Amino acid sequence: MTTYEGKVFTEEQEALVVKSWAAMKKNAAELGLKFFLKIFEIAPSAQKMFPFLRDSNVPLEQNQKLKPHAMSVFVMTCESAVQLRKAGKVTVRESSLKKLGATHFKYGVVDEHFEVTKFALLETIKEAVPEMWSVEMKNAWGEAYDRLVAAIKIEMKACSDSQV
């Protein structure tokens with residue numbers, strides 16, 4: 001497993017993430033798609049990074065490959081956040097983390113892409129659980145996302161180092 005040393009992910013943050021994920025989980029497919037549609041709304045050029053979208057002429061929300069991809073990314077991100085405090089680190093399987101790093105490196109993902117994705121994630125969660133949303137919840141999800149990104153970036157760097 002890859003670790004990221006950052007601020008402590010508190011018990012309070014964990015409780016906010018766990019509670020909100022429990023409320024969202026049953027709608028993960030729909031929320032995952034909303035999450036990706038937000039990313040593409042903010043950064044339309046990001047669509048070019050997904051081979052299955054490049055030559056597609058169906059509307060994004062009808063793309064049969066986007067839906068399962070969006071759901072798996074959303075679920076992985078949320079599950080990683082839920083496990084963060086208990087494990088003390090990002091707990092995506094190491095093979096998955098290496099693959100995520102390699103894929104993000106291959107498609108030229110940069111910091112700005114991660115920032116857009118973070119904004120889209122937080123907006124999706126805010127809209128999914130408006131009655132729970134607070135500054136504290138925003139900060140908890142933001143910290144969890146930052147840790148996942150840091151772990152992915154470590155693997156991206158490993159890919160770039162191996163190409164030198």
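All values derive from a computational prediction rather than experimental measurement. (Residues numbered from 1 in each chain as written. Predicted model: local features only at pLDDT ≥ 70, side-chain atom pairs only at ≥ 80, totals over all residues. Heavy atoms only, no water.)

## Considerations on the overall build of the chain
Thinking step 1. Secondary structure summary: the chain contains 7 helices and 0 strands in total.
Thinking step 2. Listed by position from the N terminus, the elements making up the chain come as α-α-α-α-α-α-α.
Thinking step 3. Taking all 164 residues of the chain together, the buried fraction comes to 40%.
Thinking step 4. Pairs at least 24 apart in sequence give 78% of the contacts found in the chain among residues at least 6 apart.
Thinking step 5. Total accessible area on the chain is roughly 9,100 Å²; 55% of this is exposed by carbon and sulfur atoms. (Helix = DSSP H or I, 4+ residues; strand = E, 2+ residues; numbered from the N terminus. Buried < 20%, exposed > 50% of the residue type's maximum accessible area, 1.4 Å probe, protein only. Contact = heavy atoms within 4.5 Å. Areas by Shrake-Rupley, 256 points an atom, 1.4 Å probe, with all protein chains shown as cover.)

## Some words on the environment of Glu12
Thinking step 1. Relative to the helices and strands, Glu12 is located in helix H1 (residues 11-24).
Thinking step 2. On a C-alpha basis, the gap between Glu12 and Ala140 in space is 8.4 Å, while along the polypeptide they are 128 residues apart.

## Some points on the packing of aromatic side chains
Thinking step 1. Counted according to the given criterion, the structure contains 7 aromatic pairs.
Thinking step 2. Between Trp21 and Phe74 the ring centres are 5.9 Å apart and the planes differ by 65 degrees, which places this aromatic pair in the edge-to-face class. Residue Trp21 is found in helix H1, and its partner Phe74 is found in helix H4 (residues 66-87); the two are separated by 53 residues along the sequence.
Thinking step 3. Using a relative accessible area of 3% as the deciding quantity, one classes Trp21 as buried. (Phe/Tyr/Trp six-rings, centres within 6.5 Å; stacked < 30°, edge-to-face > 60°.)

## Side note on the nonpolar core
Generally speaking, nonpolar side chains in soluble globular proteins are found buried as a group.
Thinking step 1. In this structure, Trp21, Met24, Phe36, Phe40, Leu66, Phe74 and Trp141 are the most contacted members of the largest nonpolar core, which totals 42 residues.
Thinking step 2. Among the elements of the structure, H1, helix H2 (28-42), H4, helix H6 (111-128) and helix H7 (135-162) are those that each provide at least two residues to this core.
Thinking step 3. With residues near it in sequence (within four places) discarded, Trp21 still touches Ala28, Phe74, Val75, Cys78, Glu79, Val82 and Trp141. (Core = buried A, V, L, I, M, F, W, Y, C linked by side-chain atoms within 4.5 Å.)

## Topic: the packing of H1 against H7
Thinking step 1. For the pair H1 and H7, interaxial distance at closest approach is 9 Å and the crossing angle is 90 degrees. When the axis of H1 is compared with that of H7, the two are roughly perpendicular. Residues Gln13, Leu16, Val17, Ser20, Trp21 and Met24 of H1 touch H7, and the partners they reach there are Glu136, Met137, Asn139, Ala140, Trp141 and Glu143.
Thinking step 2. Across the contact of H1 with H7, the residue classes break down as 7 nonpolar, 3 polar and 2 charged. (Axes fitted to C-alpha atoms, helices over the stretch in contact; angles between N-to-C directions. Parallel < 35°, antiparallel > 145°, perpendicular 65-115°, else oblique. Nonpolar A, V, L, I, M, F, W, Y, C, P; charged D, E, K, R; others polar.)

## Some words on the environment of Lys86
Thinking step 1. As for its position among the elements, Lys86 is in helix H4.
Thinking step 2. The class for Lys86 is exposed, based on a relative accessible area of 65%.
Thinking step 3. Sequence spacing of Lys86 and Glu11 is 75 residues, and the spatial spacing of their C-alpha atoms is 9.3 Å.

## With respect to the environment of Met156
Thinking step 1. Take Met156: it is sitting in helix H7.
Thinking step 2. Overall, the relative accessible area of 10% leaves Met156 in the buried class.
Thinking step 3. The spacing of Met156 and Thr103 is 53 residues in sequence and 8.3 Å in space, taken between C-alpha atoms.
Thinking step 4. Once residues lying within four places of it in the same chain are set aside, the contact partners of Met156 are Gly101, His104, Phe105, Val109 and Phe114.

Purely geometric numbers; function is a separate question.
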